[in-house]
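The residues making up each chain are set out below.
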Amino acid sequence: MHRPEPTLRLRIDRDALAANWRALDAMSGAAKAGAAVKANCYGLGVDACVPVLRDAGCTVFFVAHWSEVEAVARHVPSDQIAVLHGPLRGEDVDFAKPSGAVPVINSLEQARRWVSGGGQRCHLMVDTGINRLGVSPNDLGDPAVAALDIDVLMSHLANADEDSPMNARQLDRFRECLPLVAHRSASLANSAGIALGEEYAFDLTRPGLALYGGVPRSELAEKIGQVAHIEAAVLQTRQLSAGDAVGYNGEYVAQGPMRTGTVSLGYADGFLRARGPGNSLSVGDHALPLLGKVSMDMVIVDLSNAPEVREGDWLQVPMHLPDAARQSSVSQYELLTVLGSRLRL
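Attention here is on the structure that accompanies the text. (Residues numbered from 1 in each chain as written. Predicted model: local features only at pLDDT ≥ 70, side-chain atom pairs only at ≥ 80, totals over all residues. Heavy atoms only, no water.)

**Remarks on unusual backbone geometry**
Here is step 1: With a phi close to 55°, F202 is a non-glycine residue in the positive phi region.
Here is step 2: Mapped onto the fold, F202 is located in the loop between α9 (191–195) and β10 (204–205).
Here is step 3: A positive phi is found at N249, a non-glycine position, where the angle reads about 65°.
Here is step 4: Residue position: N249 is located in the loop between β12 (245–246) and β13 (252–253). (Helix = DSSP H or I, 4+ residues; strand = E, 2+ residues; numbered from the N terminus.)

**Thoughts on the environment of V63**
Here is step 1: On the secondary structure map, V63 appears in strand β4 (residues 61–63).
Here is step 2: Overall, V63 belongs to the buried group, its relative accessible area being 0%.
Here is step 3: V63 sits 25 residues away from K38 along the chain, and the two C-alpha atoms are 4.0 Å apart.
Here is step 4: When residues no more than four places from it in sequence are discounted, the contact partners of V63 are V37, K38, E68, V69, V72, I81, A82, V83 and L84. (Buried < 20%, exposed > 50% of the residue type's maximum accessible area, 1.4 Å probe, protein only. Contact = heavy atoms within 4.5 Å.)

**Describing helix α1 (residues 14–27)**
Here is step 1: Here α1 contains 14 residues, and its C-alpha end-to-end distance of 20 Å stays within 8% of the 20 Å for a straight helix at 1.5 Å per residue.
Here is step 2: Residues A16, L17, A18, N20, W21, A23, L24, D25 and M27 constitute the buried set of α1.
Here is step 3: On the buried face of α1, the contacting elements are β2 (32–33), α3 (46–56) and α9.
Here is step 4: N-cap assignment for α1: the residue whose side-chain oxygen lies 3.2 Å from the backbone N of D15 is D13.
Here is step 5: Positive backbone phi, at 65°, marks G29, one or two positions downstream of α1. (Expected span 1.5 Å × (residues − 1). Polar contact = N/O pair within 3.5 Å; in protein donor to acceptor, adjacent residues only side chain to side chain.)

**A word on the pattern of salt bridges**
Here is step 1: The tally for this structure, following the rule as stated, stands at 14 salt bridges.
Here is step 2: The partner of R54 in a salt bridge is D55, and the shortest N-O contact between them spans 2.9 Å.
Here is step 3: Since its relative accessible area comes to 60%, D55 is described here as exposed.
Here is step 4: Residues D323 and R326 are paired through a salt bridge, measuring 2.3 Å at the closest nitrogen-oxygen approach. With D323 and R326 both in helix α10 (residues 321–328), this residue pair falls three residues apart, about one helical turn.
Here is step 5: Take R326: its relative accessible area is 60%, and that puts it in the exposed class. (Salt bridge = Lys/Arg side-chain N within 4 Å of Asp/Glu carboxyl O.)

Following this line, the structure appears as structure tokens:
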């Protein structure tokens, strides 16, 4: 039986995604850019995004969980996939060895687990100030670390999206760590870190947000293109009279006769209630202000600027991430990763 056309659609601009990776790779100087593809490519879909990144030239891919490896490995060799959370249990080691995926070791316990389980090549995260994951610099001389076959020695910047003195402190701490442990290459910069300059790039950079259209620093604004484009269909139009209340709790009340549209989009699709007040959908060049609360599956818009809109017509959902973040106070990361599964059905 043929599935009906959905009333929501997500379009991935593959050319923009590839161009974003190439721009970040160029900004990395002599270093090579990898790609963070965790969380289903920040919500945009592994199957849609990883082949584009691969074909653009990317050869190192980062996920967070072991459960994410299989989906990425459909498109790239598994030995190009690094698992940021590392081997928390022996079963992680048992999975990693035949799969070829590479763990990022984050603690002495993980180091011992990896070596005792017969693990070979790995990466090592050293904490230089974010106090999240990673071994302490003081532990780099431990025999458990010395026993590792470390490909990439890495750390993670805590404040790269800000002009913070912490950036330089972490850079210095990371440089101090390099001679303390044998490794083949080094990596520090995320998307924002790439914009801090080539001294942060080392051998490998790890962009994530900027690949998918996010702009964590102003230096990237002219280099990063929008990747995600969302459209939602109008389910119904109606004519309101003065005094008619709209949606849950009647937060919007019509001041006079007006035409509205109920649209197939809601917080279950990642369009959070915070995106409602003061914001709009659009059709062509016409802004269609949102009215009342965002529901689970629907929003209501003012059609005064678009009298031609009818049931079944498609409206554009604002997904230029820097603008949407400013308008809603929802971070660019969250705007992507909360996208609902119905957008990919």
